[in-house]
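Residues per chain, in single letters:
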Amino acid sequence: MGKHNDAITNDDDKVAALMWQAVATITYILDMMFVKLSIGVFLLRLSVKKVYNYIIWVSLVVVALYTFGVFFCAIFQCMPVAKQWDYRIKHGHCATAQDIINAAYAISVLTVVSDWLYVCD
């Protein structure tokens, strides 16, 4: 919202800010996937050995599947989904903070491993 959290006094504005933060997080997850996939496809064009092609194809599939899994987990971490950003919703449930941290660590590890893999090929 362009303001410090303490400067927002209206609950509707706070909820809107949290919603846009959730949208940005979900968009970031997809953006990273597309960056990884584009690098992998580019490396496929440069690769001359079949073993490298196989490794890159496997990594592309793993990155795509895992990222889609994290993407859907990020969207549906709360039921109802709007509970993720609307703290006024009292019914439903959300994933624990530790679950979200674990997912963030896991996608970070996947990112580092795929970066390393692409550099070594």
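Rules and cut-offs
Residues numbered from 1 in each chain as written. Predicted model: local features only at pLDDT ≥ 70, side-chain atom pairs only at ≥ 80, totals over all residues. Heavy atoms only, no water. Helix = DSSP H or I, 4+ residues; strand = E, 2+ residues; numbered from the N terminus. Rg over C-alpha atoms; globule rule 2.2 N^0.38 Å. Buried < 20%, exposed > 50% of the residue type's maximum accessible area, 1.4 Å probe, protein only. Contact = heavy atoms within 4.5 Å. Disulfide = S-S within 2.5 Å. Expected span 1.5 Å × (residues − 1). Polar contact = N/O pair within 3.5 Å; in protein donor to acceptor, adjacent residues only side chain to side chain. pLDDT = per-residue confidence, 0-100.

*Asks:* I would appreciate a short explanation of the overall build of the protein chain in the present structure.
*Replies:* For the protein chain, the count of helices and strands is three helices and two strands. Each helix (α) and strand (β) of the protein chain, taken in turn from the N terminus, gives the series α-α-β-β-α. At 18 Å, the protein chain has a C-alpha radius of gyration far larger than the 14 Å of a compact globule built from 121 residues. In terms of its C-alpha atoms, the protein chain occupies a principal-axis envelope of roughly 60 × 30 × 20 Å. Split into buried and exposed, the 121 residues of the protein chain put 26% on the buried side. Partitioning the intrachain contacts of the protein chain with sequence separation of at least 6 by distance along the chain shows that 57% fall at a separation of at least 24.

*Asks:* Help me out: how do you make sense of the state of the cysteines in this one?
*Replies:* One covalent bond between the sulfur atoms of two cysteine residues makes up a disulfide. Taken as a whole and assessed by the stated rule, the structure comprises one disulfide. For Cys78, the disulfide goes to Cys94, at an S-S distance of 2.0 Å. Between Cys78 and Cys94, the disulfide has an S-S torsion of 115 degrees and is therefore right-handed. Residue Cys78 is located in strand 1 (residues 78-79), and its partner Cys94 is located in strand 2 (residues 93-94); the two are separated by 16 residues in the primary sequence. No disulfide involves Cys73; its nearest neighbouring cysteine sulfur is the one of Cys78, lying 12 Å away. Residue classification places Cys73 among the exposed positions, given a relative accessible area of 54%.

*Asks:* When you look at helix 1 (residues 11-46) in this model, what are you seeing that I'm missing?
*Replies:* Structural remark: α-helix, 3.6 residues per turn; residues separated by three or four positions point the same way. In a regular helix each residue adds 1.5 Å, so 36 residues correspond to 52 Å; helix 1 covers 53 Å between its end C-alpha atoms and thus fits that length. Within helix 1, the full set of buried residues consists of Val15, Ala22, Ile26, Ile29, Met33, Lys36, Gly40, Leu43 and Leu44. Structurally, helix 1 contributes buried residues whose contacts are with helix 2 (50-75) and helix 3 (97-120). Looking at where helix 1 begins, the residue whose side-chain oxygen comes 2.9 Å from the main-chain nitrogen of Asp12 is Asn10.

*Asks:* Would you mind going over the confidence of the model for the protein chain with me for this structure?
*Replies:* Any region with low pLDDT has predicted coordinates that should not be read closely. Here the protein chain averages 89 in pLDDT, while 97% of its residues score no lower than 70. Across the protein chain, the element-wise mean pLDDT spans from 87 in helix 3 up to 94 in strand 1.

*Asks:* Would you mind showing me how to read the environment of Asn53 here?
*Replies:* Along the chain, Asn53 turns up in helix 2. On the basis of relative accessible area, Asn53 is assigned to the partly exposed category, the value being 23%. Along the primary structure Asn53 and Leu43 are separated by ten residues, whereas in three dimensions their C-alpha atoms are 8.5 Å apart. Not counting chain neighbours up to four residues away, the residues in contact with Asn53 comprise Leu44 and Ser47.

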